[in-house]
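# Inside the fold
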Amino acid sequence: MANFKHCISSSWKWASSYIRFSKAAIFISGLIFSKSFIEIGFKAFMISYIIDNLKNLSIGKVIVYTIAMEGIQQSLAIYIYHLATDRLGDFLVIILTLPCLIFGLLILWLSSLLRSQQTRNQMLYIVLPVILVGLAGMQVSQKGFLRQHFEEETIIVDKTKSERQQEEEYKDIVDGRASLWSNGASFLGQFICWTFASSLSWKQTIMVSFIEVAAAYALFICGKRFYLRIPPTRRTAVSRLKETRRLVKLIPLWLLFIPYCLVEVAAFSIFILQSDRLDTRINPRISLHSFNKVPVNSLYVFKQFISFLVSMLTKYLIRKLWSSEEAIQRGARYWRMGVGMAVGFGSLLSAWLVERRRSDLIKKNPNDDEDIPMTILWLAPQFGLLGIANGLVLEGLTDFFCDRVPKSKQYFEVLFNQSLVVIGSFLSGFVVLLAPDWFGDTIDKCQLDKYLLMLAILNVAVLPLYIFLSSRFDWNIPDEVDGRDIEIEEVDGSDVEILIEEGDGRDVEIL
């Protein structure tokens, strides 16, 4: 009878907590929906908005402008992540940064109603930094804030497994619950953007984005009584930087992912430009235009969906096939990144072939007002391959980093991985400035195929170096106990802690 009452009590406690967490997730999901809508409907096509408004800029300068915006946003994301974790907390960061996005979209929409092109350009320069702050705040706070609502001490894991395996199993359960809400809201935002916003003008897109983000912010505030608020650590940036000294060892390996980050940067600039003058009709004989159009943002939705499927399938296979041996599991993650980099090369190669064909057709059809005889579905392979690469590399960088460092240092995962995108963004802009002959005043005069071929060669050239360094050197960083290093090794099927001390200039192992 006592066991029955305990079971009922535990079940009621779990159900109550899950209902409360679900209510919180509903309010937070509105923000995730708005973030997904903004990224597909607004941010991904910022380069075309800049081209339409800053007509005095060459294509090369517009690309640099767009890439620099991405680099600035990722830099802001690193700093805001520090504020959210160490100073203010996720809730306050969302409350403070999201109004920047709302205000920026409002001013951008109002400026689009003005007749003066010069005034609109001036407002664009003022508003974009404010919008970037809001986007960075959404990027670093929402998923982490949602995830912490599904963390419980009562989650049951397999006690027969090692401590690390139990931690990973617990993490998978929490991530699975959070992903159910996060990906559901994200795909809903992408689908609505694909079906609804693709037919809107820029003025209408900005207006709808403003209304949607403002409504999501109001919904988020309404649910504040359901939220869990984890207090910040109150650590200073200086103390955090001191903790990274031992992580310097990882920098050579992490720098090898920069060429792949150049591919991701190209997706928000070069891939958009490639859609210029392409035929968006599925079948020319279909008279209903609304049912016979493939908008460019549908390719981004396709890419995101492929990335999600590949990421989930890869994690499942690694857990399923190598769950008993941690060393093999880490090896599987090494190969996951390598395969992803190879697929990224395939995406660039596909984009290069498309650009060669597009350039040849433009020479035969010099009239700027006419579409060339080439369907936009030619771009689908490069977006699909990039989605596969994204699911393997970008979505796998978190696990890849956590495998290398002890739990006490996993805070720096955002710093390391976001820094890759920052370096890749500014490096891309620097390359564009160094090759002005490849980027003419108009898209028809650009030699994008040469730039894409250069990126493809760079990605395939770094792959053997990655394989060699991954297999030749140990990149794992041990934990510290009382100033001494500690490593965990498997001995007779059990995890054994081995302290590493330095004696007479040599490392001494103490079981």
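Residues numbered from 1 in each chain as written. Predicted model: local features only at pLDDT ≥ 70, side-chain atom pairs only at ≥ 80, totals over all residues. Heavy atoms only, no water.

Selection criterion: UniProt positions are given in the numbering used here, feature names are shortened, and annotations may be inferred rather than shown by experiment.
As recorded in an unreviewed UniProt entry, the protein chain goes by Protein NRT1/PTR FAMILY 5.7-like and comes from Gossypium australe. Looking at the Subcellular location (unreviewed entry) heading of the UniProt record, one finds this comment for the protein chain: "Membrane". Of the protein chain, the UniProt comment under Sequence similarities (unreviewed entry) reads exactly: "Belongs to the major facilitator superfamily. Proton-dependent oligopeptide transporter (POT/PTR) (TC 2.A.17) family."

### Some thoughts on the layout of surface pockets
To be explicit about the condition: Throughout, the protein atoms alone are placed on a 1 Å grid, and a set of points is a cavity if a 1.4 Å probe fits but cannot get out or a pocket if it is open with protein on both sides within 12 Å along at least five of seven lines; lining residues have an atom within 4 Å of a point. Grid points are joined across faces, edges and corners, and a volume is the space filled by probe spheres set on the points. A run of DSSP states H or I qualifies as a helix once it reaches four residues; a run of E qualifies as a strand once it reaches two. Both are numbered from the N-terminal end. Throughout, the ten residues Ala, Val, Leu, Ile, Met, Phe, Trp, Tyr, Cys and Pro are labelled nonpolar, Asp, Glu, Lys and Arg are labelled charged, and all others, Gly among them, are labelled polar. Residue ranges assigned to the domains are those given by an automatic or database domain assignment.
Size it by volume and the second largest pocket reaches roughly 900 Å³. Of all the secondary-structure elements, those providing two or more residues to the lining of the second largest pocket are helix 2 (46-53), helix 3 (59-87), helix 7 (202-222), helix 11 (270-273) and helix 12 (296-321). The dominant element in the lining of the second largest pocket, judged by the number of residues it contributes, is helix 2, at four residues. Taken together, the residues that form the lining of the second largest pocket break down as 18 nonpolar, ten polar and seven charged. Looking at the lining of the second largest pocket, you find at least three residues from each of domain 1 (22-151 + 172-225) and domain 2 (240-282 + 292-477).

### Details of the nonpolar core
In summary, soluble globular proteins display a tendency toward joint burial of nonpolar side chains. In plain terms, the rule: We define a nonpolar core as any set of buried Ala, Val, Leu, Ile, Met, Phe, Trp, Tyr and Cys residues linked to one another through side-chain atoms lying within 4.5 Å. Burial classes follow relative accessibility: with a 1.4 Å probe on protein chains only, a residue under 20% of its type's maximum area counts as buried, one over 50% as exposed, and anything between as partly exposed. In this analysis, two residues are considered to be in contact whenever any of their non-hydrogen atoms come within 4.5 Å of each other.
Trp 254, Phe 257 and Tyr 466 are the most contacted members of the largest nonpolar core, which totals 135 residues. Ranked by residue count, the leading element in this core is helix 5 (residues 117-147), at eleven residues. When residues of this core are assigned to domains, at least three fall in each of domain 1 (22-151 + 172-225) and domain 2 (240-282 + 292-477). Apart from residues lying up to four places away in sequence, Tyr 466 is in contact with Leu 253, Leu 256, Phe 257, Tyr 334, Met 337, Gly 338, Met 341 and Phe 400.

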